[in-house]
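Each chain is listed here by its residues.
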Amino acid sequence: MARAKVKGGMGFRGVSDFNKALLGKNCWRLLTGEESLMGKVFKSRYHPRGSFMEAKLGFLPSYAWRSIMSVREVITKGGKWRIGNREKVRIWHDNWLPSVSNPCVKSQVKILHQDDFVSTLIDQDTKQWNKDLIFSVCRLPVDSFLWNGEKDSTYSVRSAYHQLGVDRRKDLPGSSHDPNDKLWKEIWRVNLPNRIKNFIWRLAKNILPTRGNLCKKGLKIDSVCPLCFNEVETSQHLFMDCNIAKLTWFSSSLGLHVPQNSSLNNWLLCWLKRKDTLGTQLFCSILWKLWFFRNQVVFKQLSPSPPDIAIAALNFVDEFNRTVPRQKKQRQNHNAASPVVHRAHTIRVDAGCFSEGFTPFGCVFKDSSGNIYFSACKKERDFRSHSS
Ligand SMILES: [Zn+2]
């Protein structure tokens, strides 16, 4: 849950990492502002002869100092030195090379002392780093520490928190490649309300409380699908293999046949990647409505028909697009291979039988905007009473 949304999580902040990132702000202040009151106090107590980066924990450290020292590594990993007068930066211990992946010197210490500063690298013959005249006239800026996570090279809690998450996931086995990486990115791009995106995310994570999943958790319940009573209710069955689902997909405006030998997540990714925005919206809404009507069956003992589910999804998308202005220009792809979503015209019919022997019936035709363009009604004598 604490992972970023594009990494398959919900973007919640982990308390531990966020606390470290906040403490890192104090480290940054001590590193870049040794002349501040806080910097002077800590320097006089814990590192009177060296810099903050060389400081040790010391004898009987305060709680504040221990906390700051515990996250100093966040700063050293996420930043590097900019060379100025070369009086602060040590050749082998500090990050000062321009490369982001290899910011420190890794060669063996052979000639110079391991604690020598970058200033000792000045070539006396070529004068490229030790031009006495220039140093005597010009005053170079002091070495300064740069933060890699922001464009202005200044520490931010947000980027430090992100860096901590990246570092931790590097240590996890199998974390280098998530086959669903593309899926997580696409889910949150769909132009639908967040509650539907959240539902799609739970579906892709296979954490919906289907009967199959509840049984895996140890609940003693009947695991059979409540719609068809034929198989165990898994996400794959409920949204693809169940007859009710198949009828719903086919009766929808998408007119889909459920693909064989395809996982639900693969099918979902195919639709999320389409440039047919309206089709993607409808696809996701049908999934959502399938789950909604499944719950109606389970908890309210209702029995909606597949066309009802398809029409409910279509009406929802239509209403959403009319009430919520598009933030981005809709990308429509009129590829002949992609199904075309037609706006539905609605035909409502009704009839009744009366004890007097008459059967009235009527119909109403509505266009996609809900305007009635045809209606009719008639009353006929009931054939049963007529034949008797
Ligand atoms: Zn079923």
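Predicted model, so just to flag it, every value in this text is computed and none were measured. (Residues numbered from 1 in each chain as written. Predicted model: local features only at pLDDT ≥ 70, side-chain atom pairs only at ≥ 80, totals over all residues.)

Moving on: the overall build of the protein chain. Summing up its helical and strand segments, the protein chain has 15 helices and five strands in all. Counting across all 388 residues of the protein chain, residues that qualify as buried make up 23%. Counting only contacts in the protein chain whose residues sit at least 6 apart along the sequence, the fraction spanning at least 24 positions is 55%. (Helix = DSSP H or I, 4+ residues; strand = E, 2+ residues; numbered from the N terminus. Buried ≥ 20, exposed ≤ 12 C-beta atoms within 10 Å, placed from the backbone. Contact = placed C-beta atoms within 7 Å.)

Across the sheet, three strands lie side by side as E3-E4-E5; this open sheet has antiparallel pairing. Each end of this open sheet is capped by a strand with a single partner; those strands are strand E3 (346-351) and strand E5 (372-381). Strand-to-strand, the axes of this sheet are offset by a mean angle of 10 degrees, without reference to chain direction. The sheet contact formed by E3 and strand E4 (residues 358-366) spans six bridges and is antiparallel. Bridging from a neighbouring strand, Asp350 pairs with Gly362 of E4. (Pairing = 2+ DSSP bridges. Axes fitted to C-alpha atoms, helices over the stretch in contact; angles between N-to-C directions.)

Ile244, Ala245, Thr248 and Trp249 are the residues of helix H11 (residues 243-251) that are buried. Within H11, the buried residues cover an arc of 130 degrees as seen down the axis, which keeps them to one side. Next to the buried residues of H11 lie helix H10 (235-241), helix H13 (277-300) and helix H14 (306-323). (Arc of directions from axis to C-beta.)

Put simply, side chains in a regular strand alternate between the two faces of the sheet. Judged by which residues are buried, strand E2 (residues 144-147) turns out to be one-sided: Phe145 and Trp147 face inward and are buried, whereas Ser144 and Leu146, on the alternate face, are not. Pairing geometry for strand E1 (residues 79-82) and E2, over four bridges, is antiparallel. Looking across to E2, one finds that Arg82 is bridged to Ser144.

Ranked by size, the top nonpolar core spans 33 residues in total, and within it Ile286, Leu287, Leu290 and Ala313 carry the most contacts. Secondary structure elements with two or more residues in this core: helix H7 (181-187), helix H8 (194-204), H10, H11, helix H12 (264-272), H13 and H14. The element that contributes the greatest number of residues to this core is H13, accounting for eight residues. Beyond its immediate chain neighbours, meaning those up to four positions away, Ile286 contacts Thr248, Trp249, Ser252, Ala310 and Ala313. Counting residues in each nonpolar core, the second largest holds 21 residues, with Ala55, Val74, Tyr155 and Leu164 among its members. (Core = buried A, V, L, I, M, F, W, Y, C linked by C-beta atoms within 7 Å.)

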